[in-house]
Amino acid sequence: MARWAGHRQKSRLQKLVLFLVSGYLFIVWNREGASKYMLEVPANDGFHVIPDYSNPRNGPGENGLGVVLSGEEKKIGEDQMKTMFMNVVASDKISPDRSIPDSRSRECRNIESSYPKNLPTASVVIIFTDEFFSALTRTVHSVVNRTPQHLLYEVILVDDNSQREELGSKLSEHLKRFGSLVRLIRSKERLGLIRAKILGAKAARGEVLVFLDSHCEANTGWIEPLLARIQEERTAVVCPVIDAISDGNMAYLGGSHGGIGTFWWSLHYSMGSLPKSEIERRKNPATDYIRSPTMAGGLFAANREYFFEVGGYDEEMDIWGGENLEISFRVWMCGGSIEIIPCSHVGHIYRNGHPYDMTGRNNNKDVHGTNSKRLADVWMDDYKRLFYVHRMGLVDTDVGDLSGRKALREKLGCKSFNWFLKNVIPDKFIPDEDVLAYGHVEGQNSMCLDTLQRLENKGPIILGIYNCQRPSSSAQMFSISKENELRREETCVDVGIETKDGVRPAKVVQCKRNDFVEFEHEKGKFLKHKKTGLCLDMGGVSAGGDIYFQKCDENRPSQNWIIDKYF
Ligand code: UD2
Ligand code: MN
């Protein structure tokens, strides 16, 4: 299945000679042996020269600037954004060694020399399928250039059966400059990113595993804070701050450092703000690690042995998606922690699509769904009901054998998902717990409040009505929270601004933590916006139409609403 790049053997001898000549005490070099006996890491037996970044560099994209294209190239680049989801012309113009601004805070730069001298070594695992050559090689160069040599045990590239020609011998040839430091494993079958990461992790021999996507740029001082935290806490699974690199012109943009990773009940990753407990716990907000309920997935480090002890990944997950929340829930529930390390920064090109085939085994076109179902069924106990609200179609889908993962949960004695919710992400809104009512909000003629597939989490939308869809339809599920909001997962209903026709639409906006939009409701009767005293009224609106607030009137049946379940 996998084969090793062929240029590793000869380099051992070369290395030995090098070490002797330079007067180093060469202890044991045994890649197969346990890493803790590895007292020296392989020197660079290739011919790559790490640039001296204190000298000014000129050229496209240097200093993290965007690339300016014109004429025909500009047009090609713009077209590529639609088909390849990044501007490959721009990327190709940039040196693989380009300089980028140090995006760390001043506080982080001030402590950069305070990390222990004896940090564990890292194996950096970079998996890829049909990645663009320039983005991939820039990832590798950035790691080699910005990781102190004694901390970089190796870089392991896993080629997940790429089909593009430039990733063949041209890539193997290019990597020779790194000698044995960079190993390339090529899979003859498509593994999907989860199994590709496992393959890379199993081949790794450094003490710490660091995973990166294949379109990243490691920033100055990125690895020390990750390794230091793992040295201090073996079960900490740590993530750098992910800085954005523009998919359009490759500009290196800064990232934020103040947030945590969360999730949607649809089991997509999301970002959130720090809970009060974290704000209080962290004495140095610029530098202290952040306890994060979840991770984005691509960029993180873990003690290698711990990574496998806590279950690696679910090997039955295919292609893309779900593994990031699976590892997050699992690590927390089984005694570890997920953390964001604000002093470690790595850039990542966020793309609006996947420049590779997303079809899984057996022609599966919904790998995120089936992977997420595996995670829900194993780790979420009863709370999986909230996932199925979003994915009713998956309730009866066979996603393969789960016994191995369930046995793992048993063996590790992991805590419940309820424990995770209460202790790790206490701010997470649970739509049907600790609320006054939950379910469809039904008016006259079997019509229900409905978001009409409008994207409520990307900005305010107008609420509508539609034929009630039962048993459940995520667009029609609402709660009356104990703060009396009429709310969805993160959005709340409010009264919109009066239109030209003198009516006020119902809008759906982000809920505010301290400024609740309160409603008054009585089963089967009004839904009254407290502040304005107006009532939701479906009079004259047909399925698919927007809904409005009107003056409350007990005699109007179009103002009567009933919610599935009252608590
Ligand atoms: C995010 C993660 C990604 C992964 C994913 C959920 C970040 C920055 N990225 O999506 O790592 O956790 O969420 O699954 O947090 N790849 C393969 N084989 C495949 C498919 C992908 O090797 O079959 C590689 C791909 O070339 C890339 C990596 O996996 O290096 C992640 O893929 P992506 O960049 O398309 O995922 P992204 O960033 O949208
Ligand atoms: Mn990515």
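Here is what the cut-offs are and how they apply
Residues numbered from 1 in each chain as written. Chains lettered and ligands numbered in written order. Predicted model: local features only at pLDDT ≥ 70, side-chain atom pairs only at ≥ 80, totals over all residues. Heavy atoms only, no water. UniProt positions renumbered as here; feature names shortened; annotations may be inferred. Helix = DSSP H or I, 4+ residues; strand = E, 2+ residues; numbered from the N terminus. Buried < 20%, exposed > 50% of the residue type's maximum accessible area, 1.4 Å probe, protein only. Polar contact = N/O pair within 3.5 Å; in protein donor to acceptor, adjacent residues only side chain to side chain. Contact = heavy atoms within 4.5 Å. Donors = N, O, S within 2.8 Å, 3.2 Å for Na, K, Ca; no water. Near = heavy atom within 4 Å. Areas by Shrake-Rupley, 256 points an atom, 1.4 Å probe, with all protein chains shown as cover. Nonpolar A, V, L, I, M, F, W, Y, C, P; charged D, E, K, R; others polar.

An unreviewed UniProt entry annotates the protein chain as Polypeptide N-acetylgalactosaminyltransferase originating from Caenorhabditis auriculariae. Quoted verbatim from the Cofactor (unreviewed entry) field of the UniProt record, the comment on the protein chain reads "Mn(2+)". Quoted straight from UniProt, the Sequence similarities (unreviewed entry) entry for the protein chain says "Belongs to the glycosyltransferase 2 family. GalNAc-T subfamily."

Asker: Just to check I follow, could you spell out the side chain of Asp-537 for this structure?
Answerer: Position of Asp-537 among the secondary structure elements: in strand β23 (residues 534–537). Accessibility expressed as a relative area gives 1% for Asp-537, which makes it buried. Within the structure, Asp-537 has its side chain in polar contact with the backbone nitrogen of Gly-539 (distance 2.7 Å). Each residue touching Asp-537, except ones within four places of it in the same chain, is listed here: Ile-547, Tyr-548, Gln-550, Arg-556, Ser-558, Gln-559 and Trp-561.

Asker: Got a minute to help me understand the coordination of the manganese ion (ligand 2) in this structure?
Answerer: By definition of the ideal shapes, four donors in a tetrahedron about a metal sit 109.5 degrees apart, and six donors in an octahedron sit 90 or 180 degrees apart. Bound to the manganese ion (ligand 2) are the protein donor atoms Asp-213 (OD), His-215 (NE2) and His-348 (NE2), situated 2.2 Å from the metal. Ordering the donors of the manganese ion (ligand 2) by residue number gives the pattern D-x1-H-x132-H. A residue pair is termed long-range when its members are at least 10 positions apart, and His-215 in the loop between β5 (208–212) and β6 (216–218) and His-348 in strand β12 (residues 337–349) qualify at 133 residues. Summarising the burial analysis for this pair, His-215 and His-348 share the class buried.

Asker: Explain the site of ligand 1 to me, please; I cannot follow it from the model alone.
Answerer: Taken together, the neighbourhood of ligand 1 is formed by 22 residues, with Asp-160, Arg-190, Gly-321, Glu-323 and Tyr-356 sitting nearest. A distance of 3.2 Å separates an oxygen atom of ligand 1 from a polar backbone atom of Thr-129. Here Ser-214 contributes a side-chain N or O atom positioned 2.7 Å from an oxygen atom of ligand 1. Considered on its own, ligand 1 offers 740 Å² of accessible surface; in the complex 93% of this is hidden by protein. Those elements that provide at least two residues to the shell around ligand 1 are β2 (122–128) and α7 (193–203). Split by residue class, the shell around ligand 1 holds 8 nonpolar, 9 polar and 5 charged.

Asker: Explain the environment of Ser-446 to me, please; I cannot follow it from the model alone.
Answerer: Here Ser-446 shows up in the loop between β13 (435–442) and β14 (447–450). Taking the C-alpha atoms as reference points, Ser-446 and Cys-468, 22 residues apart in sequence, are found 5.8 Å from one another. Leaving out residues up to four positions away in the same chain, Ser-446 has contacts with Tyr-466, Asn-467 and Cys-468.

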